[in-house]
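Given next are the chains, with one letter for each unit.
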Amino acid sequence: MKPEVDLSTAYVYDPIYLEHDLPSHPENARRLKRILEVLEGEGVLGRLTLLEPRPAEEEELERVHVPEYVARVRQVAQTGGGNLDLDTYVSSRSFDAALMAAGGLVRAVEAVLTGEIDNGFALVRPPGHHATPARGMGFCLFNNIAVAARAALAEGWAGRVFIVDFDVHHGNGTEEVFAQDSAVFYASTHQYPYYPGTGDWSEIGEGDGRGTVLDVPLPPGVGDAGFARVFTELIWPLAERFCPDLILVSAGYDAHWKDPLAQMNLSLSGYAWLGRELVSMAEQLCKGRIVFTLEGGYQLDVLACGVLNAFYAMLGEDTIADPFGPSPHPERPVDDLIVRLRELHTLN
Ligand SMILES: [Zn+2]
């Protein structure tokens, strides 16, 4: 008898995600290939349910993006490709890949919220959290997580969505979409000041959405201890107060100490701890409903092990892959920032 396979944790994947590619660019198809190799090599892929994505519909995209911008990305791809800004490329297949990335995350969110699966990770490219309603930037074409959160609300699958963005960069696009929306909480940890320049600690949301944005701008050098304090003392109590129906995670692994694009000090064990906390948060607050989606992370082995550890957390396993160990650099304290943010968010 084979051991019983637990198929309640899913991943979204389609080979079209490899067709958005520019080999000389840090955000290239090798990232996703390496993730799949490691998941396969560690025997995890076969224990997961594959959710096949479908392209996002125009109506779904236009809950987040202006039609002129969607048309522009289509046109750049159709004419052979080009650049939306200095660092955001569009290849001839990028429009179709980006539709499938957004649609893939919608598919995962639907499957979790309708009880088809327990939890999952959308292994999609291009990433999304920098894309604003009218503009692609920072390697992102369409804002996958925003499209999926809006779909969950519009379809009536969820009434309140809590987004955690632990990519090292601030998800300016996601925050812009939801700053005035009281049904979506956006919480971000990010290196600051750094690309894209947004995400100051005083941003808290606007109008009806006031109080539903948490920006935690961190100086370079914050690592496992600092991130753990931010999660325990800010993100947990705010999620508890918000009472979400779903937790979505913008999972970027570029806050690792070996990442070539940033200067933070998280280890893979630190990232694994964050993943476990988020899974526990979902279990405690919203029946375990959590979906991760791929954002940044440019050291390929770190990226692949980071994703692997997120799957271990969702599968309820204690295993942690951390071949690189803790950061060799000293840890920067976060005491003052936590005091200021707890005060701003009336957590005292
Ligand atoms: Zn990033």
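Here the structure is a predicted model, which is why all the values come from computation and not from measurement.

Chemist: Just to check I follow, could you spell out the pattern of salt bridges for this structure?
Modeler: Pairing of side chains with opposite charge becomes possible as their charged atoms draw close. Counted according to the given criterion, the structure contains 15 salt bridges. Note that R34 is salt-bridged to E37, the shortest N-O span being 2.6 Å. Placement of the pair is R34 and E37 together in helix α1 (residues 30-41), with a separation of 3 residues, close to one helical turn. Owing to a relative accessible area of 47%, E37 belongs among the partly exposed residues under this scheme. Residue E58 pairs with R74 through a salt bridge whose shortest N-O separation is 3.7 Å. Taken as a pair, E58 in helix α2 (residues 58-61) and R74 in helix α3 (residues 67-78) lie far apart in primary sequence, 16 residues in all.

Chemist: I keep staring at the coordination of the zinc ion and nothing clicks. Help me out?
Modeler: For a metal with four donors in a tetrahedral arrangement, the ideal angle between donors is 109.5 degrees, while six donors in an octahedron ideally sit at 90 or 180 degrees. Each protein donor to the zinc ion is listed here as D167 (OD), D167 (OD), H169 (ND1) and D254 (OD); together their distances run 2.0 to 2.7 Å. For the zinc ion, the 4 donor atoms in the first shell make angles of 54 to 153° at the metal, a pattern classed as irregular. Along the chain, the residues donating to the zinc ion are arranged with the sequence spacing D-x1-H-x84-D. By the burial criterion, D167 is buried, and H169 matches it.

Chemist: Explanation requested: α1 in the structure shown.
Modeler: Residue pairs spaced three or four apart in an α-helix point in one direction, given the helix's 3.6 residues per turn. Compared with the 16 Å implied by 1.5 Å per residue over 12 residues, the 16 Å span of α1 between its first and last C-alpha is a close match. Among the residues making up α1, those that are buried are R31, L32, I35, L36, V38 and L39. All buried residues of α1 lie within an arc of 165° about the axis, which places them on one face of the element. Looking at α1, the residues exposed on the side facing more than 90 degrees away from the buried face are E40 and G41. Buried positions along α1 lie against β10 (290-294) and α9 (300-314). Note on α1: the residue one or two positions beyond its end, G43, has a positive phi of about 75°.

Reading the values: the criteria
- Residues numbered from 1 in each chain as written.
- Predicted model: local features only at pLDDT ≥ 70, side-chain atom pairs only at ≥ 80, totals over all residues.
- Heavy atoms only, no water.
- Salt bridge = Lys/Arg side-chain N within 4 Å of Asp/Glu carboxyl O.
- Helix = DSSP H or I, 4+ residues; strand = E, 2+ residues; numbered from the N terminus.
- Buried < 20%, exposed > 50% of the residue type's maximum accessible area, 1.4 Å probe, protein only.
- Donors = N, O, S within 2.8 Å, 3.2 Å for Na, K, Ca; no water.
- Tetrahedral: all angles 85-135°; square planar, octahedral: opposite > 155°, others 65-115°.
- Expected span 1.5 Å × (residues − 1).
- Arc of directions from axis to C-beta.
- Contact = heavy atoms within 4.5 Å.

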